[in-house]
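Residue strings, one per chain:
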Amino acid sequence: MLCLFKRKKKKKEDEIHFQKNGSLLLEELIASSGGIYNPIPTFSSHQILQATNNLDWNSIISEDRFVWYRGMIQNRAVLIKKYQDCSLFDADNFYRDITVSSLMSSHKNVLKILGCCLEFQHPVLVCEYPENGALNCIKRARDGATRPFPWNASWRIAKEIAEVLANILLDENLTAKLSSFSLSVLIPEGESSVNDMVCRTSIYIEPEYLNTGLVTENVDIYSLGIIMLILLTGKSEYTSEVAVYLPVLPVYVAKLLDKGLLTELIDPSLLESGEISEDVRMQMEAFIELAFRCVRFRAGENELHMIDVAKELKKIEKHA
């Protein structure tokens, strides 16, 4: 009797969550797409729990604002994206995330959404599975081993991010797959900025946005600049051996560069040998200089647009 009562109670809760989430998702879909959108397949909470062995921690491949699980549904490996319950992240718009992910799902550099589950308190997304996991975990395997990450993949990832920027996952070919749009903000046509509530959820946050709440194209450009420096150095938000925090990462890079210590600066896994050819050195230095411009490291530099960054990265690619 107790088991039957619990099953009935869960079914009722699932129905309540489904109705609430479905209504809010429909509102966001209509507002964002003018009422023209493709139906989004749905999965049951049972399918999600079964796919992840009841959300077992061994299925987790990454954690940020969301917990990302590897799962199997209908004999297919999938990525299951579940909101991480924490008041710090209450600014997330789950319905916008599903909507924008669905609208952009055909883009080669956007993680394809397979559907969603509306039977939890917050929607859960089901996406294609990126074989190489999350970019912020690319250096970390569960056994602590370092995974190879060649230089030509670094500038290619940066180029692909510049073309369409957000949270990044990597497929089996190290192709960047952008995956989270819950904090995306639409800047109206003809405008260059919009005021928005400051979301302190990113370690790549632009200082001006943090201070003013003003969203401009520079917010994405700054984040890309920091990502570029991380790609080159292999440093995450904090590394104890050099005590590098992201806000001072450009300073750390500049000091070693001024001393001519490029070999010590870059991540060893970027190189096939311990030496840097002259061509690769020029590419890396151009990559660093562009990253510096993105984070406006040197006062008085001309303001960049994302299309300028993409063009500069393509120039670096042509000389590879």
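Look above for the structure.
Treat the numbers as computed from the prediction; the structure is a model and nothing was measured. (Residues numbered from 1 in each chain as written. Predicted model: local features only at pLDDT ≥ 70, side-chain atom pairs only at ≥ 80, totals over all residues. Heavy atoms only, no water.)

Novice: Is there a simple way to explain the overall build of the chain in this structure?
Specialist: Along the backbone of the chain there are 10 helices and 11 strands. Within the chain, the fraction of its 320 residues that count as buried is 47%. Partitioning the intrachain contacts of the chain with sequence separation of at least 6 by distance along the chain shows that 59% fall at a separation of at least 24. Surface accessibility of the chain: about 17,200 Å² in total, with carbon and sulfur atoms responsible for 52%. (Helix = DSSP H or I, 4+ residues; strand = E, 2+ residues; numbered from the N terminus. Buried < 20%, exposed > 50% of the residue type's maximum accessible area, 1.4 Å probe, protein only. Contact = heavy atoms within 4.5 Å. Areas by Shrake-Rupley, 256 points an atom, 1.4 Å probe, with all protein chains shown as cover.)

Novice: Whenever I open this one, the packing of helix α6 (residues 217-233) against helix α7 (residues 249-258) confuses me. Can you help?
Specialist: Two packed helices can be described by the angle between their axes and the distance between those axes. Two numbers describe how α6 lies on α7: the axes approach to 10 Å, and their chain directions differ by 50°. If you check the angle between α6 and α7, you find them oblique. Helix-helix and strand crossings are classified by hand; for α6 and α7 the assignment is left-handed. Two secondary-structure elements touch here, α6 through Ile226, Leu229, Ile230 and Thr233 and α7 through Leu249, Pro250 and Val253. (Axes fitted to C-alpha atoms, helices over the stretch in contact; angles between N-to-C directions. Parallel < 35°, antiparallel > 145°, perpendicular 65-115°, else oblique. Left-handed = near helix turned anticlockwise from the far one by under 90°.)

Novice: Looking at this structure, how should I read the pairing of strand β2 (residues 66-73)?
Specialist: The side chains of a regular strand alternate between the sheet's two faces. Burial within β2 is extensive, with six of its eight residues counted as buried. Pairing between strand β1 (residues 60-63) and β2: three bridges, direction antiparallel. Its bridge partner lying in β2, Glu63 is registered against Val67. The hairpin turn running from β1 into β2, its antiparallel successor, is two residues long. Pairing of β2 with strand β3 (residues 76-83), which is carried by eight bridges, proceeds in the antiparallel orientation. From the neighbouring strand, Trp68 faces β3, where its bridge partner is Lys81. Hairpin connection, β2 to β3: the antiparallel pair is bridged by two residues, and Gln74 has positive phi, about 55°. (Pairing = 2+ DSSP bridges.)

Novice: What is the right way to look at helix α3 (residues 94-103) in this model?
Specialist: Think of an α-helix as 3.6 residues a turn; residues three or four steps apart then line up on the same face. In terms of residue burial, α3 counts as a mostly covered element, since seven of its 10 residues are buried. Within α3, the full set of buried residues consists of Phe94, Tyr95, Asp97, Ile98, Thr99, Val100 and Ser101.

Novice: Can you walk me through the packing of aromatic side chains in this structure?
Specialist: Aromatic ring pairs are described here by two measures, namely the spacing of the ring centres and the angle between the planes. Under the counting rule described, the total for this entry stands at four aromatic pairs. Arranged with centres 4.6 Å apart and planes meeting at 80°, the rings of Tyr83 and Phe94 form a pair that is edge-to-face. Linking Tyr83 in strand β3 with Phe94 in helix α3, this pair joins segments that are 11 residues apart in sequence. Of the two residues examined, Tyr83 and Phe94, each falls in the buried class. A ring pair is formed by Phe94 and Tyr95, whose centres lie 6.1 Å apart and whose planes are at 85°; its orientation type is edge-to-face. Note on accessibility: Phe94 and Tyr95 belong to one class, buried. Three or more aromatic residues link up through ring pairs in this structure, and these residues are Phe66, Trp68, Tyr83, Phe94 and Tyr95. (Phe/Tyr/Trp six-rings, centres within 6.5 Å; stacked < 30°, edge-to-face > 60°.)

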